[in-house]
Amino acid sequence: MPSLVLLRHGQSVWNKEDLFTGWTEVDLSEQGVDEARLAGKRLAAAKFGFDICFTSVLKRAIKTLHLALEEMDLLWLPEQKSWRLNERHYGALQGLNKAETARKHSAEQVRLWRRSWDVPPPPLDDDDPRHPKHDPRYAGLTAAELPRTESLKDTVARVLPFWHETIAPALRQDQRVLIAAHGNSLRGLVKYLSDIPDQDIPGFELPTGQPLVYELDAALKPTKRYFLDQ
Ligand SMILES: O=C(O)[C@@H](CO)OP(=O)(O)O
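Residues numbered from 1 in each chain as written. Predicted model: local features only at pLDDT ≥ 70, side-chain atom pairs only at ≥ 80, totals over all residues.

As named in an unreviewed UniProt entry, the protein is 2,3-bisphosphoglycerate-dependent phosphoglycerate mutase, taken from Rhodovastum atsumiense. As stated in UniProt under Function (unreviewed entry), the record for the protein gives "Catalyzes the interconversion of 2-phosphoglycerate and 3-phosphoglycerate." In UniProt, the protein has this text filed under Catalytic activity (unreviewed entry): "(2R)-2-phosphoglycerate = (2R)-3-phosphoglycerate". (UniProt positions renumbered as here; feature names shortened; annotations may be inferred.)

What follows is the structure in structure tokens.
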């Protein structure tokens, strides 16, 4: 049966400082490094094997993947990076403190920006230096693909083509898949795989560094989903 494990990166420096991160390139904190290593140890202890890995183009996810693979002695595995697995783009909120933003705009407004299905945060201006068009790693994207902000719904819309075109075919070939990515890109994937209704997705949280295991049937429908937490 196809086997899939989703791993949110370990705590980042900006998670620790409670800053909106999105597509900002930030490193793992010391705790994040430990969480990533522990995830690999748990997967190894539970005898998980993998044939192929996928990650984003952001170093907190890439490093998490590598630290976990190192613990499993699987650093040699093939891996593919895609911007489509990036964190949800947080628009003009990127770099702001979450608690301060709630004080300024109300807790309810921030809850909507953070967890609603289809309310995007305020967009970046076109000439904002944080706009992804300035970053060479996104040079191959069309203007329409470059986000200035994203709701969770927008995030799912750009994750799913990569799922359908690249990850699902690997699973259908019986490859055991590990995806190291981000809180919201993975929440979006979980919503799709587990068919979680729009109104229920705000209640689903993915802790940092905790592997989420999917057992899938031949049609890639989930038969079981659980966190590997010991
Ligand atoms: O800041 C972010 O990019 C994300 C993930 O850390 O935050 P949140 O959980 O608030 O969506």
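Q: Before we go on, may I ask you to explain the site of the ligand in this structure?
A: The local shell around the ligand consists of Asn 15, Phe 20, Thr 21, Gly 22, Glu 87, Tyr 90, Arg 114, Gly 183 and Asn 184. Classifying every residue of the shell around the ligand gives two nonpolar, five polar and two charged. (Near = placed C-beta within 6 Å. Nonpolar A, V, L, I, M, F, W, Y, C, P; charged D, E, K, R; others polar.)

Q: What exactly am I supposed to notice about helix H7 (residues 183-193) here?
A: Residues lying three or four places apart along an α-helix face the same way, a consequence of the helix completing one turn every 3.6 residues. When we look at burial in H7, the residues that qualify are Asn 184, Ser 185, Leu 186, Arg 187, Gly 188, Leu 189 and Lys 191. Residues of H7 that are buried make contact with strand S1 (3-8), helix H6 (152-172) and strand S4 (177-181). Looking one or two places after H7, you find Asp 195, whose phi comes out positive at around 55°. (Buried ≥ 20, exposed ≤ 12 C-beta atoms within 10 Å, placed from the backbone. Helix = DSSP H or I, 4+ residues; strand = E, 2+ residues; numbered from the N terminus. Contact = placed C-beta atoms within 7 Å.)

Q: What is the right way to read the sheet that holds S1 from this model?
A: Neighbouring strands of a sheet are bound in pairs by backbone hydrogen bonds; such pairs are parallel or else antiparallel. On the basis of which strands lie adjacent, the open sheet formed by six strands has the order S3-S2-S4-S1-S5-S6 and mixed pairing. Among the strands making up the open sheet, the edge pair consists of strand S3 (79-81) and strand S6 (222-227). Averaged over all adjacent pairs, the angle separating strand axes in this sheet is 15°, with direction ignored. Where strand S2 (residues 52-55) lies against S3, three bridges are found, and the strand directions are parallel. Its bridge partner lying in S3, Thr 55 is registered against Lys 81. The sheet strands contacting H6 are S1, S2, S3, S4 and strand S5 (212-216), and the helix crosses S4 at an angle near 155°. (Pairing = 2+ DSSP bridges. Axes fitted to C-alpha atoms, helices over the stretch in contact; angles between N-to-C directions.)

Q: Just checking my understanding: could you explain the pairing of S4 for this structure?
A: In regular strands, side chains alternate between the two faces of the sheet. In terms of residue burial, S4 counts as a mostly covered element, since five of its five residues are buried. Here S4 shows no split at all, with Val 177, Ile 179 and Ala 181 on one side and Leu 178 and Ala 180 on the other all buried. Sheet topology note: the S2/S4 ladder contains four bridges and is parallel. Residue pairing in the sheet places Ile 52 in a bridge with Val 177 of S4.

Q: Can you walk me through the UniProt feature "active site" (unreviewed entry) in the protein in this structure?
A: Mapped onto this numbering, the UniProt entry gives "active site" (unreviewed entry) at His 9 and Glu 87. For this annotated set, covering 79 residues, all C-alpha atoms fall within 10.4 Å of each other, a compact arrangement in space. As for its position among the elements, His 9 is in the loop between S1 and helix H1 (13-16). Residue His 9 is classed as buried on the basis of its C-beta count, with 31 C-beta atoms lying within 10 Å. If we ignore the near neighbours within four places in the chain, the residues touching His 9 are Leu 28, Gly 32, Arg 60, Ala 61, Thr 64, Ala 180, His 182 and Thr 208. Residue Glu 87 is classed as buried on the basis of its 26 C-beta neighbours within 10 Å.

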